[in-house]
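What the coordinates show
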Number of protein chains: 2
Amino acid sequence: MDPASAISIDVMGADGGPGPLIAGLARLARKRPDLRFLLFGRADAVAPLLRRRGLTDKCDLRDCPDVVRMDDQPARTLRERRQSSMWCALEAVKSGEARVAVSAGNTGALLAMSVFQLRKAPGVARPAIAVHWPAERPEEYNTVLDMGADIRADALQLAQYALMGAEYARLSLGQETPRVALLNVGTEELKGPEILHEAAALIAAIASKDAARFSFIGFVEGTDLTGDRADVIVTDGFTGNVALKTAEGTASFLRTTLRDAFRHSWASRLAALLAFTSLRRLRKRIDPRRVNGGVFLGLGGAVVKSHGSADAIGFASAVELAARMAESDFTAEVASRVGKLDISHTVRSAGNDRGA
Amino acid sequence: MDPASAISIDVMGADGGPGPLIAGLARLARKRPDLRFLLFGRADAVAPLLRRRGLTDKCDLRDCPDVVRMDDQPARTLRERRQSSMWCALEAVKSGEARVAVSAGNTGALLAMSVFQLRKAPGVARPAIAVHWPAERPEEYNTVLDMGADIRADALQLAQYALMGAEYARLSLGQETPRVALLNVGTEELKGPEILHEAAALIAAIASKDAARFSFIGFVEGTDLTGDRADVIVTDGFTGNVALKTAEGTASFLRTTLRDAFRHSWASRLAALLAFTSLRRLRKRIDPRRVNGGVFLGLGGAVVKSHGSADAIGFASAVELAARMAESDFTAEVASRVGKLDISHTVRSAGNDRGA
């Protein structure tokens with residue numbers, strides 16, 4: 001297969017097994033008959049599904065005996081799961097057989113394996129995880145990064161996140177000139193940690209160059225994650241993870257509270273029955289598992305994490321996004337943009353001493 | 001008035017003016033006929049309200065011509081609003097006339113004026129803002145601090161927040177031995193910034209002493225803010241502010257989405273009508289303005305911030321909390337506990353070099 005049209009897919013490890021994922025591929029194959037899929041999984045489980053869906057000709061199925069489990073410790077999978085479908089799917093990107101990998105499995109393991117196998121792209125200080133965050137515009141999403149969770153980012157890393165996030169928003173959501181913002185505790189100039197002010201100066205300098213294809217709107221607050229002020233919101237992995245988990249917790253709390261409210265009286269029980277369709281639509285929109293998907297940016301290859309509970313529609317859209325990333329050679333494009341930044345000059349002109 | 005029974009109250013500056021606040025005092029006066037209130041506000045507006053509510057005998061009303069507005073810049077109010085009801089209410093605590101002040105006005109101005117006038121309590125490295133966070137237990141709340149927003153906290157400050165937060169949870173929510181946790185990006189030992197691991201060792205050492213009246217359960221995640229794992233969740237002011245604003249944004253987003261869902265069809269419109277009471281109860285519980293209240297801990301006097309849109313019930317409960325803080329001499333109690341900690345010893349035994 002031509003790497004530009006081949007997508008490497010780990011079809012094991014999702015909550016519902018390979019069934020919904022193969023159904024998603026069938027769905028996507030009707031919409032995009034040009035695509036070819038390089039599948040990694042247990043052949044005895046997957047091959048019959050491909051036959052039933054008429055996908056055998058579109059897929060190259062490689063038998064992998066082992067599967068990464070949802071409760072596997074990420075660090076241990078690097079040693080113990082090298083025969084797994086997840087590992088082999090990433091290896092196909094490393095070897096150049098495919099440009100992008102998709103998995104609905106264990107997020108931590110996927111990140112650990114991706115960094116280990118694909119390494120950082122040239123010039124990238126630190127890779128980032130970007131997610132689509134439900135936003136107030138109908139059927140729209142904001143892009144938020146980093147969700148990497150472990151450590152704080154410095155000003156240069158935040159500036160690279162801004163650049164990578166803007167490219168990703170353009171490709172995935174069709175936002176031609178995304179409005180990029182830094183997450184802070186207030187929108188005034190004087191507020192928040194010094195490092196965010198350094199990053200703001202740096203991002204403003206990058207955005208003002210011709211090459212930059214985004215606008216920088218400064219600082220936003222946590223309330224703007226779901227809002228319409230910015231398209232791309234940049235933060236360090238620690239803060240991003242806390243915000244994501246807080247939003248998930250809030251959504252889950254409200255679902256429970258709403259359910260209890262609807263049990264309160266006969267009228268509210270009847271209301272719940274009548275509202276069933278609306279509530280199902282609402283649940284679909286706010287389901288935190290849908291936000292859990294994401295892409296890993298800044299690696300030597302593209303990796304799309306579909307949510308573990310993805311249904312056919314969800315998985316089809318994850319693979320379609322992966323296809324667009326492969327076709328546009330997203331990884332090389334981002335690496336070239338990050339590499340072209342004359343960071344030392346930009347940093348000096350932004351007025352701090354990093355470039356000295 | 002005896003300072004132990006006098007509560008200093010700024011009755012101006014709330015969204016709805018003094019009316020709802022005076023109604024709240026009338027409500028509380030029936031429940032707690034022993035209380036006396038030292039009121040600061042415009043006499044021409046407030047005195048008639050007191051007469052109508054039969055509160056004239058219970059209140060000592062001091063005429064203040066000026067009012068801090070919701071859109072005033074906090075730093076400027078320190079110079080320009082020294083005749084305001086907010087300033088004078090805090091001055092009464094500073095002078096010893098009252099032990100605690102309550103205001104429903106501009107949060108930033110109240111914090112700036114409180115720190116300026118009351119200063120830090122002896123031994124406290126940095127004051128903190130604590131809020132009650134709606135939690136999954138019915139009618140229950142968790143205590144989360146710091147919401148101070150501006151800068152990161154070090155391990156010692158986080159440990160003091162743990163101590164102050166536990167004391168506040170005991171007083172305000174009646175939790176005898178609160179379970180205290182640190183907000184992190186994972187619950188495993190290895191995750192998150194080094195400073196949180198230092199703080200964890202320090203808090204564990206404090207909790208293991210006889211004097212400590214809380215248990216330390218280690219790290220929790222953003223999802224646990226609304227959960228039942230911990231009663232008191234400690235974080236730095238930056239992260240706390242991002243989490244609070246993210247939760248507010250999520251709640252607001254879900255309200256909008258729910259409203260839209262209910263407009264979708266005739267059945268869902270009918271459902272919305274039937275569900276009206278339940279939905280109103282839900283809204284009351286998740287209203288972010290209710291979470292916006294809080295207390296300032298670690299100052300040389302207690303300050304309770306009621307939410308700006310407080311109704312009579314909400315304001316009565318804020319003043320009742322203030323009364324309990326005054327009666328238990330909460331400020332002195334917390335200062336004594338923080339002061340008694342042999343921090344240098346504790347830090348050494350927690351195995352880092354801060355005490356060296």
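These remarks concern the structure in this document. Keep in mind that what you see is a predicted model, and the values were worked out from it rather than measured.

It is worth spelling out the sheet that holds strand S1 (residues 6-10) of chain B at this point. Residues and elements named next belong to chain B. An order of S3-S2-S1-S4-S11-S10-S5-S6-S9-S7-S8 is seen for the eleven strands of this open sheet, with the pairing classed as mixed. Of all strands in the sheet, those with a lone pairing partner are strand S3 (59-63) and strand S8 (215-220), marking the two edges. Sheet twist, expressed as the mean angle between neighbouring strand axes with direction ignored, is 25 degrees. Strands in contact with helix H4 (residues 85-94) are S1, strand S2 (36-41), strand S4 (100-103) and strand S11 (302-305); relative to S1, the strand with the most contacts, it is inclined by about 160 degrees.

What follows is about the environment of Asp224 of chain A. Residue and element names in this part refer to chain A. Within the fold, Asp224 resides in the loop between strand S8 (215-220) and strand S9 (232-234). Taking the relative accessible area as the measure of exposure, Asp224 reaches 10% and is therefore buried. The sequence separation of Asp224 and Ala181 amounts to 43 residues, and the corresponding C-alpha distance is 9.8 Å. When neighbours within four sequence positions are excluded, Asp224 is seen to be in contact with Asn142, Arg229 and Ile233.

Residues and elements named next belong to chain B. Within the structure shown, the criterion is met by four aromatic pairs over all chains. Aromatic side chains Trp87 and Phe116 sit 5.9 Å apart centroid to centroid with 45 degrees between the ring planes, which places their arrangement in the tilted category. Note that Trp87 is positioned in helix H4 and Phe116 in helix H5 (residues 107-118), a separation of 29 residues in sequence. Exposure remark for Trp87: the relative accessible area of 5% places this residue in the buried category. Between Tyr168 and Phe330, the aromatic rings sit 6.4 Å apart at their centres with planes inclined by 70 degrees, giving edge-to-face as the arrangement. Taken as a pair, Tyr168 in helix H6 (residues 155-173) and Phe330 in helix H13 (residues 330-340) lie far apart in primary sequence, 162 residues in all. The ring of Phe116 is capped by Arg119, whose NZ or CZ atom sits 5.4 Å from the centre of that ring.

Before going further, it helps to spend a moment on the pattern of salt bridges. All names here are of chain A. As enumerated under the stated definition, the model contains 38 salt bridges over all chains in all. The shortest N-O distance in the salt bridge between Arg62 and Glu97 comes to 2.7 Å. Here the residue Arg62 occupies a position in strand S3 (residues 59-63), and Glu97 occupies one in the loop between helix H4 (85-94) and strand S4 (100-103), the gap between them amounting to 35 residues. Among the residues examined, Arg62 registers a relative accessible area of 27% and is labelled partly exposed. Notably, a salt bridge pairs Glu333 with Arg337, separated by 3.2 Å at the nearest N-O pair. Residue Glu333 and its partner Arg337 are located together in helix H13 (residues 330-340), separated by four residues, close to a single helical turn.

This paragraph deals with the pairing of strand S10 (residues 294-297) of chain A. All names here are of chain A. Both faces of S10 are covered, namely the face carrying Gly294 and Phe296 and the face carrying Val295 and Leu297. Note that strand S5 (residues 128-134) and S10 share three bridges and pair antiparallel. Across the sheet, the residue bridging to Ile129 is Phe296, located in S10. Across three bridges, S10 lies against strand S11 (residues 302-305) in antiparallel orientation. If you follow Val295 over to S11, its bridge partner there is Val304. Where S10 folds back on S11, the antiparallel hairpin that results is connected by four residues, among which Gly298 adopts a positive phi of roughly 90 degrees.

What counts as what
- Residues numbered from 1 in each chain as written.
- Chains lettered and ligands numbered in written order.
- Predicted model: local features only at pLDDT ≥ 70, side-chain atom pairs only at ≥ 80, totals over all residues.
- Heavy atoms only, no water.
- Pairing = 2+ DSSP bridges.
- Helix = DSSP H or I, 4+ residues; strand = E, 2+ residues; numbered from the N terminus.
- Axes fitted to C-alpha atoms, helices over the stretch in contact; angles between N-to-C directions.
- Contact = heavy atoms within 4.5 Å.
- Buried < 20%, exposed > 50% of the residue type's maximum accessible area, 1.4 Å probe, protein only.
- Phe/Tyr/Trp six-rings, centres within 6.5 Å; stacked < 30°, edge-to-face > 60°.
- Lys NZ or Arg CZ within 6 Å of the ring centre and 35° of its normal.
- Salt bridge = Lys/Arg side-chain N within 4 Å of Asp/Glu carboxyl O.

By themselves, these are just geometric observations and shouldn't be taken as functional.
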